[in-house]
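# Reading the structure
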Amino acid sequence: MPLPHPLSDPHITSFFLLGLLNNSSYVIMIAGAKNISEGSVALVFLCNVMPSFLTKLTSPLWFHRVSYSTRINSCMLLMSLSFLVVAFFDDYKLKLIGVCLASAQSGLGEASALALTSKYANTVNCLTAWSSGTGFAGIFGFAWVVALQPLGFTFTLIAANVLTVAFGVSFYCLLPKYDEICEKEHEDEDLLLNDEVGVGSQGLDSPRLNEGVEGGETPKCKEGAVIEVNKFHKDDEDDEPEVLKMSGYERCAFTSTLAKYMVPLFVVYFAEYAMQSGAWAAIGFPVTDEDSRKRFYTAANWTYQAGVFVSRSSGSIYRPSLLTVQSMPILQTLLLIYFYLTALYLKPLYSNILLLPCFLVGLLGGLVYVNAFSLISRDVRDEKRRELALSTASIADSFGIMCSDVVGLYLQSCIYEKHGIEGAKVGCPF
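This is a predicted model, so every value here is computed, not measured.

Rules and cut-offs
Along each chain, the written sequence defines residue order, and numbers are assigned to residues from 1. Per-residue local features are limited, in this predicted model, to residues with pLDDT of at least 70; the limit for side-chain atom pairs, both in listing and counting, is 80 or more; totals at the level of whole chains, interfaces and linings are taken over all residues. Side-chain descriptors were evaluated using all non-hydrogen atoms of the structure, hydrogens and water having been removed beforehand. Geometry is summarised by axes, namely lines fitted to C-alpha atoms with helices restricted to the contacting stretch, and by angles between N-to-C directions that run from 0 to 180 degrees. Secondary structure is summarised from DSSP: a helix means a run of H or I of at least four residues, a strand means a run of E of at least two, and numbering begins at the N terminus for each. Convention used here: angles under 35 degrees read as roughly parallel, angles over 145 as roughly antiparallel, angles from 65 to 115 as roughly perpendicular, and any remaining angle as oblique. By definition, any crossing whose near helix is turned counterclockwise from its far helix by less than a right angle is left-handed, and any crossing with a clockwise turn is right-handed. Throughout, a contact is declared for two residues whenever any of their heavy atoms are within 4.5 Å. Salt bridges, as used here, are contacts in which a Lys or Arg side-chain nitrogen is within 4 Å of a carboxyl oxygen on Asp or Glu. Accessible area is worked out with a 1.4 Å probe on protein chains only. A residue is then buried under 20% of its type maximum, exposed over 50%, and partly exposed in between. Pairing of aromatic rings covers Phe, Tyr and Trp, the last counted by its six-membered ring, and requires centre-to-centre distances within 6.5 Å; plane angles under 30 degrees mean stacked, over 60 mean edge-to-face, and any other angle means tilted. Buried residues of nine kinds, namely Ala, Val, Leu, Ile, Met, Phe, Trp, Tyr and Cys, make up a nonpolar core once their side-chain atoms join them within 4.5 Å. Think of a patch as exposed residues, more than 30% relative accessible area, with no salt bridge, where like charges cluster within 9 Å and nonpolar side chains (Val, Leu, Ile, Met, Phe, Trp, Tyr) cluster within 5 Å. Here the open area of atoms and residues is found with the Shrake-Rupley method and a 1.4 Å probe, where only the protein chains shown may cover a residue. Here, the term disulfide refers to a pair of cysteine sulfur atoms separated by no more than 2.5 Å. Known as pLDDT, the predictor's confidence for each residue is given on a scale from 0 to 100. Each helix should span, by expectation, one fewer than its residue count multiplied by 1.5 Å. Under the convention adopted here, Pro, Cys and the residues Ala, Val, Leu, Ile, Met, Phe, Trp and Tyr are nonpolar, Asp, Glu, Lys and Arg are charged, and Gly plus all remaining residues are polar.

## A few points about the packing of helix 7 (residues 123-148) against helix 15 (residues 355-379)
Relative orientation of the contacting elements helix 7 and helix 15 amounts to 160°, with a least axis distance of 10 Å. The angle between helix 7 and helix 15 places the two elements in the roughly antiparallel class. Considering how the two elements wind past one another, helix 7 and helix 15 form a crossing that is right-handed. Between helix 7, through Thr 123, Val 124, Leu 127, Thr 128, Trp 130, Ser 131 and Thr 134, and helix 15, the contact on the second element is made entirely by Tyr 369, Val 370, Phe 373, Ser 374 and Ser 377.

## Things to note about the pattern of salt bridges
Taken as a whole and assessed by the stated rule, the structure comprises 5 salt bridges. As a salt-bridge pair, Asp 397 and Lys 56 come within 3.4 Å of each other at their nearest N and O atoms. One end of the pair, Asp 397, is in helix 17 (residues 395-418); the other, Lys 56, is in helix 4 (residues 50-62), and 341 residues separate them in sequence. This pair shows no difference in class: Asp 397 is buried, exactly as Lys 56 is. In this structure, Arg 378 engages Asp 379 in a salt bridge whose closest nitrogen and oxygen atoms are separated by 2.8 Å.

## Quick look at the packing of aromatic side chains
Inspection of the entire model under this criterion finds 19 aromatic pairs. Note on Phe 285 and Phe 296: the rings are 5.6 Å apart at their centroids and 85° apart in plane angle, and the pair reads as edge-to-face. Taken as a pair, Phe 285 in the loop between helix 12 (259-279) and helix 13 (290-312) and Phe 296 in helix 13 lie far apart in primary sequence, 11 residues in all. The exposure class of Phe 285 is partly exposed, given its relative accessible area of 30%.

## A closer look at the nonpolar core
In summary, soluble globular proteins display a tendency toward joint burial of nonpolar side chains. Counting 110 residues, the largest nonpolar core has Phe 15, Trp 280, Phe 339 and Phe 373 as its most contacted members. Considering every element that reaches this core, the biggest residue donor is helix 15, with 11 residues. If we skip the residues at most four places from it in the chain, Phe 15 touches Ala 113, Leu 116, Thr 117, Tyr 120, Cys 126, Ala 129, Trp 130 and Leu 175.

## Comments concerning a nonpolar patch on the surface
Taken together, the side chains of Ile 330, Leu 331, Leu 334, Ile 337, Leu 341, Tyr 345 and Leu 360 define a hydrophobic patch exposed on the protein surface, amounting to about 650 Å² of accessible area. At 6 residues, helix 14 (residues 322-345) tops the list of elements feeding residues into the nonpolar patch. Within the element layout of this structure, Leu 341 appears in helix 14.

## Quick word on unusual backbone geometry
At the junction of Phe 285 and Pro 286, the peptide bond is cis and its omega measures out at 5° in the coordinates. Following the sequence through the fold, Pro 286 ends up in the loop between helix 12 and helix 13. One non-glycine residue, Leu 346, lies in positive phi territory at about 60°. Counting through the fold element by element, Leu 346 comes out in the loop between helix 14 and helix 15. Take Leu 346: its relative accessible area is 33%, and that puts it in the partly exposed class.

## Some thoughts on the state of the cysteines
Between two cysteines, a covalent bond joining their sulfur atoms is known as a disulfide. Under the defined criterion, the tally for this structure stands at 1 disulfide. There is a disulfide in this structure between Cys 414 and Cys 428, and the S-S distance comes to 2.0 Å. Across the S-S bond linking Cys 414 and Cys 428, the dihedral sits near 85°, which makes this disulfide right-handed. Of this pair, Cys 414 sits in helix 17 while Cys 428 sits in the segment after helix 17, and the two are 14 residues apart along the sequence. Judged by its relative accessible area of 18%, Cys 428 falls in the buried class.

## Describing the environment of Tyr 26
Turning to its location among the elements, Tyr 26 is positioned in helix 1 (residues 9-31). Between the alpha carbons of Tyr 26 and Val 99 there is a distance of 8.1 Å; along the sequence they are 73 residues apart. If we skip the residues at most four places from it in the chain, Tyr 26 touches Asn 48, Ser 106, Tyr 273 and Ile 401.

## A closer look at the confidence of the model for the protein chain
Of the residues in the protein chain, 82% have a pLDDT of 70 or more, and the chain-wide mean is 82. Taken element by element, the predicted model of the protein chain shows its lowest mean pLDDT in helix 10 (residues 178-197) (45) and its highest in helix 5 (residues 68-88) (96). Here residues 178-239 scores under 50 on pLDDT; set against residues more than four positions off or in separate chains, the count is 90 contacts.

## Some points on helix 9 (residues 161-174)
A turn of α-helix holds 3.6 residues, and therefore any two residues three or four places apart point the same way. The terminal C-alpha atoms of helix 9, which comprises 14 residues, lie 19 Å apart, in line with the 20 Å expected from a rise of 1.5 Å per residue. Of all the residues in helix 9, the buried ones are Asn 161, Leu 163, Thr 164, Phe 167, Gly 168, Ser 170 and Phe 171.

## Remarks on the side chain of Ser 374
Within the secondary structure, Ser 374 sits in helix 15. Judged by its relative accessible area of 10%, Ser 374 falls in the buried class. Residue contacts for Ser 374: discarding those within four places in its chain leaves Val 124 and Leu 127.

## Section: the packing of helix 12 against helix 17
Their axes nearest at 6 Å, the elements helix 12 and helix 17 cross at an angle of 30°. With respect to each other, helix 12 and helix 17 are oriented roughly parallel. Crossing hand, helix 12 versus helix 17: right-handed. Of the residues assigned to the contact of helix 12 with helix 17, the class counts are 16 nonpolar, 6 polar and 2 charged.

Structural data, given as structure tokens:
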């Protein structure tokens, strides 16, 4: 009879809520992009990803020196400030600064949570719960904006500060701490061993208990499943984990070994966000009507986020091979080409039927996300290197989004120019 698994429902619930709440600020900014800057949605997208990318890019150099609790506190502060800055300033440039704060928060939170999943016994379940939460954040964030929009976008953002509190509660109150895991795991071990050897009140003195489940050492809790990460005796260099001794160059070299996972993440996110910020922002029925463009943009993103939620929740059900994951970005790129040409020439199928491929875009993006990180957790055996790998690989999707937003800015302007629509912030280079 196997030992009861140390991962319990609070872990799944906590990582789901952390994913949901961490990404909600990011989605709310995307959902309100037309309110922040109608003529340059891609600029809002760019501000919503560049600080996140920079945070993830530098994370291998400093994450090991900053505790998880400090990072979460920083996330809470940045989240609250982002909502307030965008809400209370009218200048769109200042609003973009608020969007940047939300981006820094979501990037810091994502890289930290992905790394934290490596601290628990079933990393894949934790990753799936986190991914599912981030997927649902898309639906939740758009629903939040749509539901509160009648009260004004300013009120929508002010009310969103409740999400900051919920984020802190999820981390500090719901996520089990190391001592709780140990206590539960050892209770389960003792009960199991008592059943196996028929130990009574004298059970704790039984030699069999000290032999372990399979005649080896007594099972221990997974070391490092704590909120204050990287605790070691600094005066004992031999006890310092190998990964903490790695130089900046060695960390960069290690990152390069993750290319087979990171390239698919980059490509699939580049394609889908170029669609959102470039093509979808310039589609409407008719395309010359601003309200029509806003309606399609909202509907397309709702549909896309539904696809993301479904696929990101499938990590425990569908586990494709690395080759399959690497092939998905090819289809995503073809969808980008299709949407751009459709928006430019208003055919074929230039109607609400376009929402169907929007759902497929979400499915592909979510599948690559959850399975790329699941494959990393499976293939990187060393726990400390796995923690580093999971946080570092998240650079890829942010870099893809950042590049796509620059391209999307020009895609939107070219479509606007083709149909005689004013308001683009840049000129079409073609």
